[in-house]
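# A closer look at the structure
The chain contents come next:
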Amino acid sequence: MKHWMIVLAAIALLFLHERLCATKFWFLGGVLPLAGIAAMVYRLVISKTYFSTQLIIAYVVFFIVTILLWIIGRYEYRQKELKCMKAKDIE
């Protein structure tokens, strides 16, 4: 049951991240990647955890997914803005 709660929380965070990236305030979408960097620094510096291959792969996948979602969100926002500008030009 605990694993399903973690999966649901991760899905909710990624959905929120994608929605925040597609807003006018682009920096809101950067909160999740910054939190990931903070978690990695905490584990590396403060708790001095040994980085296994599995942990490194998990962080790399996390950063790739969050950065891709950020890029997609920014693209969607720009397309929405262009559509609004074209609609104003037609009038």
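Not measured: the values here are computed from a predicted model.

### Here we look at the pattern of salt bridges
For the structure shown, the criterion picks out two salt bridges. The salt bridge partner of arginine 19 is glutamate 18, with a shortest N-O separation of 3.1 Å. Glutamate 76 is paired through a salt bridge with arginine 19; the nearest N and O atoms lie 3.5 Å apart. Of this pair, glutamate 76 sits in helix α3 (residues 53–90) while arginine 19 sits in helix α1 (residues 2–21), and the two are 57 residues apart along the sequence. Exposure remark for glutamate 76: the relative accessible area of 33% places this residue in the partly exposed category. Here the residues in one salt-bridge network are Glu18, Arg19 and Glu76, joined through shared partners.

### A closer look at the packing of aromatic side chains
Inspection of every chain in the model, using the stated rule, returns three aromatic pairs. Taken together, the aromatic side chains of Tyr59, Phe62 and Phe63 make up a single cluster linked through ring pairs.

### Points about a nonpolar patch on the surface
A cluster of nonpolar side chains, Leu34, Ile37, Val41, Tyr42, Leu44, Val45 and Ile46, forms an exposed patch at the surface whose accessible area comes to about 690 Å². Tracing the backbone shows valine 41 in helix α2 (residues 31–46). Here valine 41 falls in the partly exposed class, since its relative accessible area comes to 42%.

So, how was this worked out
Residues numbered from 1 in each chain as written. Predicted model: local features only at pLDDT ≥ 70, side-chain atom pairs only at ≥ 80, totals over all residues. Heavy atoms only, no water. Salt bridge = Lys/Arg side-chain N within 4 Å of Asp/Glu carboxyl O. Helix = DSSP H or I, 4+ residues; strand = E, 2+ residues; numbered from the N terminus. Buried < 20%, exposed > 50% of the residue type's maximum accessible area, 1.4 Å probe, protein only. Phe/Tyr/Trp six-rings, centres within 6.5 Å; stacked < 30°, edge-to-face > 60°. Patch = residues over 30% accessible without salt bridge, like charges linked within 9 Å, V, L, I, M, F, W, Y side chains within 5 Å. Areas by Shrake-Rupley, 256 points an atom, 1.4 Å probe, with all protein chains shown as cover.

Read these as spatial facts, not as claims about activity.
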